[in-house]
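Residues per chain are reported as follows:
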Amino acid sequence: MPQVIPGRFTAEIDEPFVVFLIGMRVNKLLAFSKWIPTSRAMSPMLQSLNQNPEKGFLGGETFVYWRGVGLIQYWRSFEDLERFARNPADAHLKAWQRFNQAIGADGSVGIWHETYLIEPGKYKAIYGNMPVFGLAAATKHVPAMGRKETARRRQGGDGEPSVPLPAIQTPN
């Protein structure tokens, strides 16, 4: 189990980056032969990306929700993400072709993704009493103090939110 780090932390990255959300939804629960291969297709992609950081994958988190699974991924650039998705030598293109052949538009399994380009300082990431997680695990995990405490401060605002945030109490 990951170590919980008491206190308030944030993520630090000084370059643009991409947040990529991707997932699948089981629409026909008994269509095991359709959704099991779809769900298994992501693991080889993630293994390859983790073993080859030059591809631009910074890291990510997996989550399960009713009828599906999703991933939050962080990428160095949209170009890196697209290059991985379209490269015949990488696992994604083959998995996409298998999905279209096996499922296509039959409605048994749904897939989705969303892509966001984030400029430096135009994000907020707060982790209170958490293991290193999410964007902080993919980039740099730092204490949320001073200008890093709120998005308003990072973006050059007046430094004071309209409603002050309570401090997280750390054990003595």
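Residues numbered from 1 in each chain as written. Predicted model: local features only at pLDDT ≥ 70, side-chain atom pairs only at ≥ 80, totals over all residues. Heavy atoms only, no water.

Of note, Ile103 is situated in the loop between helix H4 (91-102) and strand E5 (109-118). With a relative accessible area of 6%, Ile103 lands in the buried category. C-alpha of Ile103 to C-alpha of Thr38: the two residues are 65 residues apart in sequence and 9.3 Å apart in space. Once residues within four sequence positions are removed from consideration, Ile103 is found in contact with Lys34, Thr38, Ser108 and Val109. (Helix = DSSP H or I, 4+ residues; strand = E, 2+ residues; numbered from the N terminus. Buried < 20%, exposed > 50% of the residue type's maximum accessible area, 1.4 Å probe, protein only. Contact = heavy atoms within 4.5 Å.)

Attention now goes to the pattern of salt bridges. In the structure shown here, the tally under the stated rule is 6 salt bridges. Salt-bridge contacts for Lys140 lead to Glu12; the nearest nitrogen and oxygen are separated by 3.5 Å. You can see Lys140 sitting in strand E7 (residues 140-143) and its partner Glu12 sitting in strand E1 (residues 5-12), a full 128 residues away along the chain. Across the pair Arg76 and Asp80 runs a salt bridge whose closest N-O atoms are separated by 2.8 Å. Given the relative accessible area of 6%, Asp80 is considered buried. A network of salt bridges, in which partner residues are shared, links Arg76, Asp80 and Arg83. (Salt bridge = Lys/Arg side-chain N within 4 Å of Asp/Glu carboxyl O.)

Here the focus is unusual backbone geometry. Unusually for a residue other than glycine, Arg67 sits at a positive phi of about 75°. The backbone of Asn129 shows a phi angle near 55°, a positive value even though the residue is not glycine. Structurally, the position occupied by Asn129 is in strand E6 (residues 126-130).

We now examine the nonpolar core. One recurring pattern in soluble globular proteins: nonpolar side chains tend to sit buried together. Membership of the largest hydrophobic core comes to 14 residues, with the highest contact counts inside it found for Met42, Met45 and Trp75. Here the element with the most residues in this core is helix H2 (residues 42-51); it accounts for 4 residues. With 13 residues, the next largest nonpolar core counts Leu21, Ile118, Ala125 and Ala136 among its residues. (Core = buried A, V, L, I, M, F, W, Y, C linked by side-chain atoms within 4.5 Å.)

It is worth stressing that arrangement in space is one thing and function is another; only the former is reported here.
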